[in-house]
Amino acid sequence: MLAKKQIQGLPPYAPGKPIEDVKREYGLETVIKMASNENPYGASPAVAKAIADGASKTFLYPDGYGTALRKALAAKHKVDEGQLILGNGTDEVIQLLCRSFLTPETNTVMATPSFSQYKLNATIEGATIKEITVKEDGSHDLDAMLAAIDDQTRIVWVCNPNNPNGVALGEAELKTFLDAVPTTCLVVVDEAYYEYVELDDFPNSVALLNAYPQLVVLRTFSKAYGLAGLRVGYGISQREIARQIEPVRLPFNNNILAHTAALAALEDEAFIAACKQKNSVEKAKLRAFFEARGMFVFPSETNFLLVETGIPGDVVFQAFLENGFILRSGEALGYPTAIRISIGNEAENDAFIEKAPEILDQLRASLGA
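Predicted model, so just to flag it, every value in this text is computed and none were measured. (Residues numbered from 1 in each chain as written. Predicted model: local features only at pLDDT ≥ 70, side-chain atom pairs only at ≥ 80, totals over all residues. Heavy atoms only, no water.)

## Observations concerning the domain arrangement of the protein
Accessible area lost on assembly of the parts is the figure often given for the size of an interface. What the domain assignment reports for the protein is domain 1 (15–42 + 270–367) and domain 2 (45–267). Taking only C-alpha atoms, the centre of domain 1 and the centre of domain 2 are 27 Å apart. Listed by partner, the interface residues are 23 residues for domain 1 and 24 residues for domain 2. Here domain 1 meets domain 2 over a buried area of about 2000 Å², counting both sides, of which 58% is carbon and sulfur. The three residues of domain 1 that bury the most area against domain 2 are Ile272, Lys276 and Glu301, which together make up 31% of that side's buried surface. Here domain 1 is connected to domain 2 by one salt bridge. Residues lysine 283 and glutamate 198 are paired through a salt bridge, measuring 3.7 Å at the closest nitrogen-oxygen approach. Inspection of the region where domain 1 meets domain 2 yields nine residue pairs in polar contact (both at pLDDT 80 or more). (Domains from an automatic or database assignment. Contact = heavy atoms within 4.5 Å. Buried area = accessible area lost by both parts, 1.4 Å probe. Salt bridge = Lys/Arg side-chain N within 4 Å of Asp/Glu carboxyl O. Polar contact = N/O pair within 3.5 Å; in protein donor to acceptor, adjacent residues only side chain to side chain.)

See below:
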């Protein structure tokens, strides 16, 4: 085989079934997707107008530097434009970080279970991977992660809030960790769900950048901003880190409509505030439903819940799929008897709550659980 050895045997990403395929396969008229942590309220109305206005420019290459978006993000976060790393989703920023700093001679430290792209991209670069199991409450074991760092550690990943369990770290915990990590090792804090967080002492990570030169903060337009289909993410770091990564980034990694949409979405702060408020109400409703049935629900600061059902996750996933609900099995996420459910809108959540008791009771009866 010609492919490098570290990618031989790596499985490709397995996307969930499209809604239309599920309808056709199971003879369903309605299917509700609650699997990918998308914003059920879509994007700001300003986004569609901006895309329509920009549609006549698709024959042009996009601005490879993303000047307008950089300026807007720099103003929002009160940082210099040169501190920003634009990506085709934060997935690409993670890839750029791994490609720039990891080699077969280095290692990287991460929590497990956590976001799969850290391990995947580190594996592709041939780096040694040190996985530290999360605590029983789902939080990062920062002491154990710190103990795993050595002279060859180049990146430590902190997913905050963590995906797949939604648990978040507070500012004091993060700062104590950053104080102890050597400046030769990047600490990448992935805040994909930042806009949904309600935790009072959640870190203002961007404000910590000047104090901690090894810090990189990741954000995305895919979740609360509702632009998952356009793929826009970014990192914020010290200028020198961003400068080292920039040659690795493809020159046109964000398309022209993605830039246009992100700019429009960024300006509509009222839309994001409304989405956060509705998510909070609906999340509490779903949590109460599961807890009333005796199931443990991780304390999530996101737009999803990880729920321990006591039944194999694949079995629960399949049963709900056949009834028109696309969830996420916990088996591939490191929680074999759990499901992860995205918070839908009021109608979607009510439909789930109405049907779920029947499905869960049937499963328990069939399994003798």
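## Quick look at the layout of surface pockets
Counted as a void, the second largest pocket has a volume near 240 Å³. Forming the walls of the second largest pocket are 14 residues, and the residues nearest its centre are Lys76, His77, Tyr194, Glu195 and Arg219. Looking at the lining of the second largest pocket, the elements that each hand over two or more residues are helix H3 (67–77) and helix H10 (269–292). For the lining of the second largest pocket, the leading source of residues is H10, giving four residues. Residues that form the lining of the second largest pocket fall into these classes: seven nonpolar, two polar and five charged. Counting contributing residues, the lining of the second largest pocket receives three or more from each of domain 1 (15–42 + 270–367) and domain 2 (45–267). (1 Å grid on protein atoms, 1.4 Å probe; cavity = no way out; pocket = protein on both sides within 12 Å on 5 of 7 lines; lining within 4 Å. Points joined across faces, edges and corners; volume = space filled by probe spheres on them. Helix = DSSP H or I, 4+ residues; strand = E, 2+ residues; numbered from the N terminus. Nonpolar A, V, L, I, M, F, W, Y, C, P; charged D, E, K, R; others polar.)

## A word on the pairing of strand S6 (residues 186–190)
Across the five residues of S6, five count as buried, placing the element largely inside the fold. The side-chain alternation of S6 yields two buried faces, one formed by Leu186, Val188 and Asp190 and the other by Val187 and Val189. With five bridges joining them, strand S5 (residues 153–159) and S6 adopt parallel strand pairing. Looking at S6, one finds that tryptophan 157 is bridged to valine 188. (Buried < 20%, exposed > 50% of the residue type's maximum accessible area, 1.4 Å probe, protein only. Pairing = 2+ DSSP bridges.)

## Focus on the UniProt feature "modified residue: N6-(pyridoxal phosphate)lysine" in the protein
Using the residue numbers shown here, the UniProt feature "modified residue: N6-(pyridoxal phosphate)lysine" corresponds to Lys223. If you trace the backbone, lysine 223 turns up in the loop between strand S7 (215–220) and strand S8 (233–236). Filtering out sequence-adjacent residues up to four positions away, lysine 223 remains in contact with Ser36, Asn37, Asn39, Ala192, Tyr193 and Tyr196. (UniProt positions renumbered as here; feature names shortened; annotations may be inferred.)

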